[in-house]
Amino acid sequence: MGAIVLGALSLPLHYPPLLRPANELSRLYLTQAIVDDGSLSTDGPTKRYGANDDFALHEGRHYSDKAPGVSFLAIPIYAAARLLGLGPDRLHAHIRLQTFLLLILPSVLMLGLIARFTAAVSGSSELAGWSVATAWLVASPSTFYATTLFGHHAAALALIGACEAARRARLSGSHGLFGAAGLLAGLAVLCELPAALLALFVAGFALWPWGPGDVRPRLSSALALAAGAAVPAAMLIGYNVACFGSALSLSYASIGNPSFTRFHHMGVLGLGPPRPEVIPYWLWGAERGLLPVAPWMGLAALGCMLRPRRAAIACGLAFLAFTVALSGYFKPSGGACVGPRHLGPALFLLLPLCARALDGAIGRRLFLGASAAAVLFVWSFHATLPYAVQSDHPIGEQALPLVLSGSYAASNLPGLGGLRTPIAFATLALALAAIIISQRPRVAQMIWGLAVVGALVFATIAIAEPDNIASRLERADARWAMGIDEKYAVIRGPDGNFVMLPMRMLSRPVEPPSGSDQVRPSRGDAPGPALTPSAPTR
């Protein structure tokens, strides 16, 4: 089971060779600056490898505009890769390697821990815990964030570890576990700043006796929790002082891209008062809603009716509070992504209530169909193009048409072909759905997953950057389209965001660029001049 999930998550190539993923490059540049230049400023990588759309600017120097946690965690990985001969200019290879070792592999290895936490908090069976934990990884928006070098999933993994350490600390009274809970909660904030709201929930989860057998924490327990959190807090404060001159000066306050500067000065770093209309947009809206992509997560509502434990109810309330708090963000769509991007660190909080629903016959039947549908929807993006176009119905207008037309992403693993036909896609989807439905907590399955780790790490490091794919460019009436390969084109839409579309959706083939008429493609949040394809994008 572990090998199948690990291989499936690692298979699609999300980074075509000419694409410059702004979010990921911002984090990689900081890691490179620390290792190669001994500096926190990204001036060096920016000069060597080109400007990036996501950056902070302070006193004339470039910095990453992201929380530094992922970049800090990637330091030993990048340094080891350099020692093994992976050149610093192999940007995509470094991004893929760090994504695999920091996100994909830990996600698979932590499935057992997530399942046990879910079952213990909800009071449901361990089988139900394994089912919803696996569905969270392979049939929810977390699938996207586990395979891209963003901070959301790293924060989620740290928060899950913090909650499980807190749960065990309540049972044993161990100060070491309280300290571990604080350390991991602080690490989540270091990776994704809005996770600070969820770190407060971890503190409450650790210091309040939620169930039978819990030891009432003492003052020393709270001090141990605070001591653990102080380590990543000190790292964040030191980073802010060194880069931006003040402990409370965050990178988002120094955004260098002028298209974003005015937004990040709205409210508190772009976060204003809650907006009620954003909540349904994130939960069940067709464009970025959670339930259209992962309908099985709606079972959390059913779980609330089956007398769940107080801790499970607390997790659900924390998810809702986080959703309301972040609804004031200036850009709720989250750019090119799948589902509600900003809720990524909190999705695991719904698992205990979903597991509780599986203890009833109706819940199990609903989960059977809803999880299978989620595999189809999520993998329609993951296996083709995970950067969802901002449209009314991205599943029906982008993902499923790409699946049916055979427009699958290239393979990320050398010597192993990617998906080529809808039949191959259906086979993989059925295998993943079967794993979710028939989960069993067998340690041997995880060991089989570990058996392929060495091969996958070697393959990720050794993969060559494709050098035979020509860039193509069309210019007409100041409107641009950038070809990535024979199948895909990067288009900047009317909203300013770059999206990738199949070449067949362009009315005419694009020609190779000439002279200065070259455009550097970039995926992510950075807006710019309105650019449209020569044919409708829907």
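Because the structure is predicted, anything quoted here is derived from the model rather than measured. (Residues numbered from 1 in each chain as written. Predicted model: local features only at pLDDT ≥ 70, side-chain atom pairs only at ≥ 80, totals over all residues. Heavy atoms only, no water.)

## Observations regarding the overall build of the protein
Applied cut-off: The secondary structure listing takes helices from DSSP runs of H or I that are at least 4 residues long and strands from runs of E that are at least 2 residues long, numbered from the N terminus. In what follows, a contact means two residues having at least one pair of non-hydrogen atoms within 4.5 Å. With residues, only the protein chains shown are counted as cover, and all accessible areas are computed by Shrake-Rupley using a 1.4 Å probe.
Looking only at helices and strands, one finds 24 helices and eight strands in the protein. Within the protein, contacts between residues at least 6 apart in sequence are counted, and of these 75% link residues at least 24 apart. Per element, the accessible surface of the protein, about 20300 Å² overall, is 66% carbon and sulfur.

## Remarks on the pattern of salt bridges
Applied cut-off: Salt bridge, as used here, is a side-chain nitrogen of Lys or Arg placed within 4 Å of a carboxyl oxygen of Asp or Glu. Buried, partly exposed and exposed residues are distinguished by accessible area as a fraction of the type maximum, computed with a 1.4 Å probe on protein chains only: under 20%, between the cut-offs, and over 50%, respectively.
The final tally for this structure, using the stated rule, is nine salt bridges. The residue Arg356 makes a salt bridge to Asp359 at a minimum N-O spacing of 3.3 Å. Residue Asp359 is classed as partly exposed on the basis of its relative accessible area of 31%. Salt bridges sharing common partners tie together Asp54, Asp65 and Lys66.

## A short note on the packing of helix H20 (residues 361–382) against helix H22 (residues 422–437)
So the rule is basically this: The axes used here are C-alpha line fits, helices contributing only the stretch in contact, and every angle between their N-to-C directions lies in the interval 0 to 180 degrees. These descriptions rest on fixed angle ranges, namely under 35 degrees for roughly parallel, over 145 for roughly antiparallel, 65 to 115 for roughly perpendicular, and the rest for oblique. With the far helix as reference, a near helix turned anticlockwise by less than a right angle produces a left-handed crossing, and one turned clockwise produces a right-handed crossing. Three classes are used: nonpolar for Ala, Val, Leu, Ile, Met, Phe, Trp, Tyr, Cys and Pro, charged for Asp, Glu, Lys and Arg, and polar for all others, with Gly counted as polar.
Between H20 and H22, the least distance of the axes is 9 Å, while the angle of their chain directions is 140°. Relative to H22, H20 is oriented oblique. The interaxial crossing formed by H20 with H22 has right-handed handedness. In this structure, H20 uses Phe367, Leu368, Ser371, Ala372, Val375, Leu376, Trp379 and Ser380 to contact H22, whose residues at the interface are Phe425, Leu428, Ala429, Leu432, Ala433, Ile436 and Ile437. For the contact of H20 with H22, the per-class residue count stands at 13 nonpolar, two polar and no charged.

## Focus: the environment of Ala3
Positionally, Ala3 belongs in helix H1 (residues 2–10). By relative accessible area, Ala3 is classed as partly exposed at 28%. Residues Ala3 and Val108, 105 residues apart in the sequence, show an inter-C-alpha distance of 9.0 Å.

## A word on the confidence of the model for the protein
Selection criterion: Per-residue confidence from the predictor is reported as pLDDT, which spans 0 to 100.
Residue-level pLDDT values for the protein average 79, and 75% of them are 70 or greater. Mean pLDDT values for the elements of the protein range from 26 in strand S4 (residues 472–476) up to 97 in helix H4 (residues 69–73). The low-confidence segment residues 492–499 (pLDDT under 50) makes 36 contacts with residues lying over four places distant or belonging to another chain. This model gives residues 504–538 a pLDDT under 50, and the stretch forms 111 contacts once residues within four places in sequence are excluded.

## Digging into the nonpolar core
Defined as follows: Think of a nonpolar core as a cluster: buried Ala, Val, Leu, Ile, Met, Phe, Trp, Tyr and Cys residues, connected wherever their side-chain atoms sit within 4.5 Å.
By size, the foremost hydrophobic cluster in this structure holds 131 residues, and its most contacted members are Trp136, Trp296 and Trp379. In terms of residues, this core owes the most to one element, helix H10 (residues 152–172), which gives twelve residues. Excluding residues that lie within four positions of it along the chain, Trp296 makes contacts with Val132, Ala135, Trp136, Ala139, Ser140, Leu351, Cys354, Phe367, Ala370, Ser371 and Ala374. Core analysis: the next-biggest nonpolar cluster, separate from the first, contains 14 residues, Leu190, Leu193, Cys243 and Ile255 among them.

## Overview of the packing of aromatic side chains
Basically, it comes down to this: Stacked, edge-to-face and tilted are the three classes for Phe, Tyr and Trp ring pairs, Trp counted by its six-membered ring, which pair at centre distances within 6.5 Å; planes under 30 degrees apart are stacked, over 60 edge-to-face, the rest tilted. Charge-over-ring placement is defined geometrically: NZ (Lys) or CZ (Arg) within 6 Å of the ring centre, and within 35 degrees of the ring normal.
Under the defined criterion, the tally for this structure stands at eleven aromatic pairs. For the ring pair Phe72 and Tyr239, a centre distance of 5.9 Å and an interplane angle of 80° mean the geometry is edge-to-face. Taken together, the residues Phe72 in helix H4 and Tyr239 in helix H13 (residues 219–244) connect sequence positions 167 residues apart. Aromatic pair Tyr145 and Phe150: ring centres 6.3 Å apart, planes at 45°, arrangement tilted. One aromatic cluster is present, built from ring pairs that chain together Tyr63, Phe72, Tyr239 and Phe244. Against the face of Phe205 rests Arg170, its NZ or CZ located 4.6 Å from the ring centre.

## Notes on the side chain of Ser371
Rule in force here: Under this definition, polar contacts are N or O atom pairs within 3.5 Å; protein pairs additionally need one hydrogen-donor-capable and one acceptor-capable atom, and for neighbouring residues in sequence, both atoms have to be side-chain atoms.
Along the chain, the position of Ser371 falls in helix H20. A polar contact of 3.4 Å, which involves the side chain of Ser371, links it to the backbone oxygen of Leu368. Residues within four places of Ser371 in sequence aside, it is in contact with Ala139, Trp296, Ile436 and Ile437.

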